[in-house]
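Here's the letter readout for the chains.
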Amino acid sequence: MRRKDREVTDVNSIEEILRLCRTCHVAMVDNGEPYVVPLSYGYRILDGSVLELYFHSALKGRKLDVLKRNNKVCFEMAFEGKPVHAETPCKSGYYFSSVIGLGKVVFIEDVSEKCGMLSVLYKHQFGNDVSFTAKEAAGVCVFKIVSTDFTGKKKPHSN
């Protein structure tokens, strides 16, 4: 990271950024071409060093076809704050926080695991504890990204 003064490595600070964000952009390679999709997500951090991001989608589609051919991905989520107005346009910008990383996609087939991940995703997106049935889980594809290579970045608002 070029701007070490903005790097966030503390896992609790990274988790705070994950809590603020609602959309994760997942980048993959489709036959040599870049392809990125915005997805709602849920997450867990395991042992302070493994980030699991949980997603759901339709049972078929381009994204799933691409991920089944190559499960290596890059992901990013950002929380934008207020604009920074400076004396020149080149010094203007936004206060922000973001998380970016690399990982591998794992498709989830076990029904109870799918239900659990859907519950985590729903809680993150809407703040409510909800249980999913096996029938509901059967109607969607559930997958996760497992990453040990992730970091945060933040341009904090100075008071």
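A short tour of the structure in this document, coming up. Sequence order as written defines residue numbering, which begins from 1 separately in each chain. Given that this is a predicted model, residues contribute local features only at a pLDDT of at least 70 and side-chain atom pairs are listed and counted only at 80 or more, while totals for whole chains, interfaces and linings are drawn from all residues. Note: side-chain values were computed over all heavy atoms of the structure, leaving out hydrogens and water.

Description of the pattern of salt bridges
- Salt bridges are defined by distance alone: a side-chain nitrogen of Lys or Arg within 4 Å of a carboxyl oxygen of Asp or Glu. All chains considered together, the criterion is met by 7 salt bridges.
- Salt-bridge contacts for Arg-69 lead to Asp-30; the nearest nitrogen and oxygen are separated by 2.7 Å. Separated by 39 residues along the polypeptide, Arg-69 in helix α2 (residues 62–69) and Asp-30 in strand β2 (residues 23–30) bring together distant segments of the chain.
- Measuring nitrogen to oxygen at the nearest pair gives 3.2 Å for the salt bridge that ties Lys-123 to Asp-129. Strands are runs of DSSP state E lasting at least two residues, helices are runs of H or I lasting at least four, and both sets are numbered from the N terminus onward.

Structural notes on the nonpolar core
- For the purposes of this section, nonpolar cores are sets of buried Ala, Val, Leu, Ile, Met, Phe, Trp, Tyr and Cys residues that join through side-chain atoms within 4.5 Å. The rule is simple: take the accessible area with a 1.4 Å probe, protein chains only, and divide by the maximum for that residue type; under 20% is buried, over 50% is exposed, in between is partly exposed. Ranked by size, the top nonpolar core spans 29 residues in total, and within it Leu-18, Val-26, Tyr-41, Leu-53, Phe-55, Phe-75 and Met-77 carry the most contacts.
- In terms of residue count, the dominant contributor to this core is strand β8 (residues 141–155) (4 residues).
- Two residues qualify as a contact provided that any one of their heavy atoms is within 4.5 Å of a heavy atom in the partner residue. Aside from chain neighbours lying at most four places away, what touches Val-26 is Tyr-35, Val-36, Val-37, Leu-39, Phe-55, Val-73, Cys-74 and Ile-145.
- Judged by nonpolar contacts, the second largest core, of 9 residues, contains Ile-108, Leu-118, Val-120 and Val-140.

Structural notes on the environment of Cys-24
- Summarising the element assignment, Cys-24 is placed in strand β2.
- With 14 residues separating them along the chain, Cys-24 and Pro-38 place their C-alpha atoms 5.6 Å apart.
- Residue contacts for Cys-24: discarding those within four places in its chain leaves Val-37, Pro-38, Leu-39, Tyr-41, Leu-53, Phe-55, Phe-75, Glu-76 and Met-77.

Focus: helix α3 (residues 111–126)
- To estimate how far a helix should reach, multiply one less than its number of residues by 1.5 Å. Over its 16 residues, α3 runs 22 Å from end to end, which matches the ideal 22 Å to within 8%, given 1.5 Å per residue.
- Looking one or two residues beyond α3, the residue adopting positive phi is Gly-127, at roughly 80 degrees.

So, helix α1 (residues 11–20)
- Every buried residue belonging to α1 is among Ile-14, Ile-17 and Leu-18, and all of these are buried. The buried residues of α1 occupy an angular sector of 100 degrees when the element is viewed end-on, so they sit on one face. Note that the arc is computed from the directions linking the helix axis to the C-beta atoms.

A short note on unusual backbone geometry
- Here the phi dihedral of Asn-31 falls at roughly 50 degrees; this positive angle occurs in a residue that is not glycine.
- Relative to the assigned elements, Asn-31 resides in the loop between β2 and β3 (33–40).
- Unusually for a residue other than glycine, Asp-47 sits at a positive phi of about 55 degrees.
- Relative to the helices and strands, Asp-47 resides in the loop between β4 (42–46) and β5 (50–57).

Things to note about the side chain of Lys-63
- Mapped onto the elements, Lys-63 comes out in helix α2.
- Residues in contact with Lys-63, not counting those within four places in the same chain, are Met-28, Tyr-35, Val-37, Leu-39, Ser-57 and Phe-143.

Considerations on the packing of aromatic side chains
- Geometry of aromatic contacts follows a simple scheme: Phe, Tyr and Trp rings, the Trp one being its six-membered ring, pair when their centres are within 6.5 Å, and the pair is stacked under 30 degrees between planes, edge-to-face over 60, tilted otherwise. Under the definition given, this model contains 5 aromatic pairs.
- With 6.4 Å between their ring centres and 45 degrees between their planes, Tyr-41 and Tyr-43 make a pair best called tilted. Like Tyr-41, the residue Tyr-43 is buried in the burial classification.
- Consider the rings of Tyr-122 and Phe-132, whose centres lie 6.2 Å apart with planes at 70 degrees: the pair is edge-to-face. In this pair, Tyr-122 sits in helix α3 while Phe-132 sits in the loop between α3 and α4 (134–138), placing the two residues 10 residues apart along the sequence.
- Under the relative-accessibility criterion, Tyr-122 is labelled partly exposed at 27%.
- Members of the aromatic cluster, joined through ring pairs, are Phe-55, Phe-107 and Phe-143.
- Placement of a positive charge over a ring is assigned whenever Lys NZ or Arg CZ falls within 6 Å of the ring centre and within 35 degrees of the normal to the ring plane. Cation over ring: Arg-62 sits above Tyr-35, and NZ or CZ is 3.7 Å from the ring centre.
- Geometry around Phe-107 places Lys-68 over its ring, the cationic atom sitting 5.4 Å from the centre.

Take it as geometry only, folks, not as evidence of what the structure does.
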